[in-house]
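Now for the letters of each chain:
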Amino acid sequence: MKEVVVANWKMNKTCAEARSFAKNFKELVRERNREVVICPPFTSLWVLQEELKGTGIKIGAQDVFYKDWGAYTGEISPPMLVELNCEYVIVGHSERRNILNETDEIVRKKLFCAVEHGLVPILCVGEKLEERERGETEKVVEKQLVSALKGISEDLKVVVAYEPVWAIGTGKNATPEQAQEVHAFIRGILEGLVSRDFSEKTPILYGGSVKPENAKALLSQKDINGLLVGGASLNPESFARIVLC
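Remember, it's a predicted structure, so these values are computed and weren't measured experimentally.

**Regarding the nonpolar core**
General note: in soluble globular proteins, nonpolar side chains tend to be found buried as a group.
Logical step 1: Core analysis: the biggest nonpolar cluster contains 61 residues, and Phe25, Ile38, Leu145, Ile186, Tyr206 and Phe239 have the highest contact counts within it.
Logical step 2: The element contributing the most residues to this core is helix H8 (residues 176-193), with 6 residues.

Next comes the structure, spelled out in structure tokens:
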């Protein structure tokens, strides 16, 4: 399968800064063999749609609501994202689970609503430091996967991103071997939950303090099919180094 590298800008970059990034970045990654997705704040989606047209670089959103319309102040619906040529959307990121109290049920609703509209959800799963220390990594990850994906059709496209919460924005990261162990576990869960074909075609990304210095080692692992990049994706040069590594 084709490897996927996703930039999650979180709450960073104005529209002007996003345009400047795109102009520089697209020139740096002309010769690439990986799928590249940039997920900016909602306010910059239209800027990237304009600036990256014809480059093959995909656009994604950082979140989505689970209704098409209605009295939901501040929310963004799947049809709104589709209109802006979004192809991907992140769901269940740990910062939304832990800061904004999103439950597994909310994540499930968002994922299914996204796929109904042809968006590819990037489902984030991962354990906190205290859960890892208690030996609960597999228990936590399995619960998140089963809750979000149970009943999904095997012909739908989904991306899974394993992000150990203790490694996000901390400068720490799982070793390639630690990441591979969890990725292999995730692939087994996908096979048992849906099917072998679904498991084999679903990219599983690693996220959590990904940098140009560790990207290649992570991607060398058998079951790591791409990367979800936070802080290092804010600079066009560093993100290009990761894409091209």
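Having seen the structure, we can now continue with the description.
**Comments concerning unusual backbone geometry**
Logical step 1: For Lys13, which is not glycine, the phi dihedral falls at a positive 80°.
Logical step 2: Looking at the secondary structure, you find Lys13 in the loop between strand E1 (4-8) and helix H1 (15-28).
Logical step 3: Taking the relative accessible area as the measure of exposure, Lys13 reaches 21% and is therefore partly exposed.
Logical step 4: If you check the backbone angles, Asn85 has positive phi at about 65° while not being a glycine.
Logical step 5: With respect to the helices and strands, Asn85 occurs in the loop between helix H3 (78-83) and strand E4 (88-91).

**What to know about the state of the cysteines**
Logical step 1: For the structure shown, the criterion picks out 0 disulfides.
Logical step 2: Note on Cys86: no disulfide assigned, nearest cysteine sulfur contributed by Cys39 at a separation of 7.8 Å.
Logical step 3: Using a relative accessible area of 6% as the deciding quantity, one classes Cys86 as buried.
Logical step 4: Of the cysteine sulfurs around Cys124, a residue in no disulfide, the closest is that of Cys39, at 9.3 Å.
Logical step 5: With a relative accessible area of 2%, Cys124 lands in the buried category.

**Some remarks on the packing of aromatic side chains**
Ring pairs (aromatic) are described by centroid distance and by the angle formed between their planes.
Logical step 1: Considering all chains together, one arrives at 6 aromatic pairs under this definition.
Logical step 2: Ring centres of Trp9 and Phe21 lie 4.8 Å apart, and the angle between their planes is 75°; on these two criteria the pair is classed as edge-to-face. On the criterion of sequence distance, the pair formed by Trp9 in the loop between E1 and H1 and Phe21 in helix H1 is long-range, its members being 12 residues apart.
Logical step 3: With a centroid separation of 5.1 Å and 25° between ring planes, the pair formed by Phe25 and Phe239 is classed as stacked. Here Phe25 is found in helix H1, whereas its partner Phe239 is found in helix H11 (residues 236-244), with 214 residues between them in sequence. The same class applies to Phe25 as to Phe239, namely buried.
Logical step 4: Ring pairing ties together the aromatic residues Trp9, Phe21, Phe25 and Phe239, which thus form one cluster.
Logical step 5: The ring of Tyr66 is capped by Lys109, whose NZ or CZ atom sits 4.9 Å from the centre of that ring.

**Notes on the sheet that holds strand E3 (residues 58-61)**
Logical step 1: Pairing is parallel around the closed barrel formed by 8 strands, whose spatial order is E1-E2-E3-E4-E5-E6-E7-E8. Each neighbouring strand pair of the sheet contributes to a mean axis angle of 25°, computed without reference to strand direction.
Logical step 2: Pairing between E4 and strand E5 (residues 120-125): 4 bridges, direction parallel. Paired with Val91 across the strands is Leu123, a residue of E5.
Logical step 3: Sheet contacts for helix H5 (residues 104-116): E4 and E5; angle to E5, the most-contacted strand, approximately 160°.

**Quick word on the pattern of salt bridges**
Logical step 1: As enumerated under the stated definition, the model contains 18 salt bridges in all.
Logical step 2: Close ionic contact of Glu50 with Arg19 constitutes a salt bridge, the shortest N to O distance being 3.3 Å. One end of the pair, Glu50, is in helix H2 (residues 45-51); the other, Arg19, is in helix H1, with 31 residues separating them in the sequence.
Logical step 3: With a relative accessible area of 25%, Arg19 lands in the partly exposed category.
Logical step 4: Ionic pairing is found between Arg187 and Asp223, a salt bridge with its closest N-O pair at 2.8 Å. Separated by 36 residues along the polypeptide, Arg187 in helix H8 and Asp223 in the loop between helix H10 (212-219) and strand E8 (226-229) bring together distant segments of the chain.
Logical step 5: Assessed through its relative accessible area of 9%, Asp223 is described here as buried.
Logical step 6: Three or more residues are tied together by salt bridges with common partners; here these are Arg19, Lys26, Glu50 and Glu51.

Here is what the cut-offs are and how they apply
Residues numbered from 1 in each chain as written. Predicted model: local features only at pLDDT ≥ 70, side-chain atom pairs only at ≥ 80, totals over all residues. Heavy atoms only, no water. Core = buried A, V, L, I, M, F, W, Y, C linked by side-chain atoms within 4.5 Å. Buried < 20%, exposed > 50% of the residue type's maximum accessible area, 1.4 Å probe, protein only. Helix = DSSP H or I, 4+ residues; strand = E, 2+ residues; numbered from the N terminus. Disulfide = S-S within 2.5 Å. Phe/Tyr/Trp six-rings, centres within 6.5 Å; stacked < 30°, edge-to-face > 60°. Lys NZ or Arg CZ within 6 Å of the ring centre and 35° of its normal. Pairing = 2+ DSSP bridges. Axes fitted to C-alpha atoms, helices over the stretch in contact; angles between N-to-C directions. Contact = heavy atoms within 4.5 Å. Salt bridge = Lys/Arg side-chain N within 4 Å of Asp/Glu carboxyl O.

These results come straight from atomic positions and should not be treated as a statement about function.
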